[in-house]
Amino acid sequence: MVQRDLVNGVPVFWTAAPAPLSAGLVFGVGRRDESFLRGGITHLVEHLAMGTLGRTTLECNATVDLTTTQFTVSGEPVRVTEFLRRICQAFSQLPLARLAVEADVLRTEGGGVAPPAVGALLAERYGACGVGLAGFGEPAMLALATEEVQGWARTYFVRGNAALWLTAPPPEGLSLPLVEGRAPVRSLQPVRPLTTPALVEHPVDGAVGLGAEVPRLPGLGAMTRILRDRVEDDLRHRRGLSYSVTCEQLVVDRTRRFVALTADCRDGKEAVAARALWQGVTRLAQSGATEEELAHDREGLAEYLSDGRSLVDEVEAAAEAFVIGVEHRKGEDLRRELSELTAEQVRLAAQAVLDGPLLGVPAGTELRLAALTPVPSSSEDAVQGRSFPRRRIGSDAPRGARLVVGDEGVTVVLSDDKRWTVRYADVVALLEVASGEWTLVGVDGISLPLAPGDWRNGERALGRDPRRGPRVAAGVRRQHRRNRPSSSSRARLAERGVRGAVAVQAGRVGRTNLRVDTGSPR
């Protein structure tokens, strides 16, 4: 049973579990709270805070995911309380002299908040903001200034955005000296206007994924487990094409979840694996689960709930739900849902997935399913403005390409049906990738190279001001001044070498033919 106390204004959720004492300090901040240019800032704060502890024999760790940041510890109560006190104190005075070193560590670590195939689906569904940022790299991490990082800590790692879970009552002497602050107020997560069911090409080799935004429904958890088992039986045990099949639910907001089913597969078998995912959810939506599948799911969940370790999971989930702002499902809630589970609930949950699914496959996969509409790899519209053709000599732009610069944005045109547009109102980043070369990134993931040397009269088209960058930056500043790196930040970006094919082709950042090398895999 989960009980609740209050320590220094921080909610504390606890349950009685065998020693040693385990604890987790959870904050309601993750990748979804960052901007494109501030990607990685939460992870930086976490690393810097843990760095204040120095070398320790204490069993402790810290993680950042899509919605939360958590510091966990296990050991004797006196040592656990000391760990928590020091972590809380660290946020008000981070060791910012180590900022550059920790940024390099994170680039080496190369972690992500979601599996690559899931991140690609989130990016396609939501774009380069909120939960969609799980599918993008962190191109400006080394450009983050010390005042930005400390400000992030003082905004998000505060008393009103925290919760603690424990496997025993709060020990004597427990103190959580966090600075005063409120939980952030988040705007509604936007959804990109895609025609669904949609077929999406992603840059993740050897993996396919099926994802959809769904409401919270009875039987949703059972549906994900039964669907995973069906696809695993097909791809791994019957065909031997896959080793791992996973299915998970990710929080979008209080009422919405993103369900993602992914599978790895042998080279050349991507189309077969993708078709198995699609057929699996389609059949489940048509006929629901069998009585044998329902019985198996009930038995598995009952065994889990009878295991004492589930109490630790439950108290941790209670703290996470509090800081995320969603309803916590208690053990008794799960038991009640288990007893009331029906095949029709499972069928309706699967049907909800089919109301707006994305099927992701590696680029170049030959897959034809009549129900799926391919997501265009280029923009559907172009801005009106002055047109600048490709320079005949010395240009890295494709033959026949032209650049259009207008009052509303920029378009790179390769042909009548292949063009990429970024409107100033939708800009999330203006990156300097080399001296005199810039990349304009839109919220939908479209990225445009801005190199004067690629275009006839390119200097006139883009301009060049050492203090302001390309002339189009004026349009960006009108709408998104805060997204433009400072001059010192731009210098660090150029020094770091954020390159790839940015001077050659336009496209989606890391998702089609343009790859911005952020130094860490997605």
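Figured I'd write up the structure that's included with this text.

Reading the values: rules and limits
Residues numbered from 1 in each chain as written. Predicted model: local features only at pLDDT ≥ 70, side-chain atom pairs only at ≥ 80, totals over all residues. Heavy atoms only, no water. Pairing = 2+ DSSP bridges. Helix = DSSP H or I, 4+ residues; strand = E, 2+ residues; numbered from the N terminus. Axes fitted to C-alpha atoms, helices over the stretch in contact; angles between N-to-C directions. Contact = heavy atoms within 4.5 Å. Parallel < 35°, antiparallel > 145°, perpendicular 65-115°, else oblique. Left-handed = near helix turned anticlockwise from the far one by under 90°. Nonpolar A, V, L, I, M, F, W, Y, C, P; charged D, E, K, R; others polar. Buried < 20%, exposed > 50% of the residue type's maximum accessible area, 1.4 Å probe, protein only.

### Observations concerning the sheet that holds strand 6 (residues 162-166)
Item 1. Taking strand neighbours across the sheet as the criterion, the six strands line up as 1-2-6-3-5-4 in an open arrangement whose pairing is mixed. Every other strand in the sheet has two partners, leaving strand 1 (3-7) and strand 4 (59-64) as the edge strands with one partner each. Strand after strand, the sheet turns through a mean of 20 degrees between neighbouring axes, direction not considered.
Item 2. As paired elements, strand 2 (residues 10-14) and strand 6 share three bridges and run parallel to each other. Residue Trp14 lies in a different strand from strand 6, and its bridge partner there is Leu166.
Item 3. On top of the sheet, helix 9 (residues 309-324) reaches strand 1, strand 2, strand 3 (21-27), strand 5 (69-75) and strand 6; it is set at about 175 degrees to strand 6, its chief contact.

### So, the packing of helix 6 (residues 220-238) against helix 8 (residues 291-306)
Item 1. Helix 8 packs onto helix 6 with a crossing angle of 115 degrees between their chain directions and a minimal axis gap of 10 Å. The angle between helix 6 and helix 8 falls in the class roughly perpendicular. Here the hand of the crossing between helix 6 and helix 8 comes out right-handed. Each of Ala222, Arg225, Ile226, Asp229 and Arg230 in helix 6 lies in contact with helix 8, whose residues at this interface are Glu293, Leu294, His296, Asp297 and Leu301.
Item 2. Considering only residue class, the contact of helix 6 with helix 8 consists of four nonpolar, one polar and five charged.

### Examining the pairing of strand 18 (residues 437-442)
Item 1. Most of strand 18 is tucked away: five of the six residues are buried.
Item 2. Looking at chain direction, strand 17 (residues 427-434) and strand 18 are connected through six bridges and run antiparallel. When the sheet's bridge partners are listed, Leu430 is paired in strand 18 with Leu440.
Item 3. The hairpin formed by strand 17 and strand 18 contains two residues between the paired strands, and Gly436 there has a positive phi angle of roughly 80 degrees.
Item 4. Examined bridge by bridge, strand 18 and strand 19 (residues 446-450) share four bridges and lie antiparallel to one another. The residue bridging Trp438 from the neighbouring strand is Leu450, located in strand 19.
Item 5. Counting the residues between successive antiparallel strands, the hairpin from strand 18 to strand 19 contains three residues, one of them, Gly445, with a positive phi of roughly 95 degrees.

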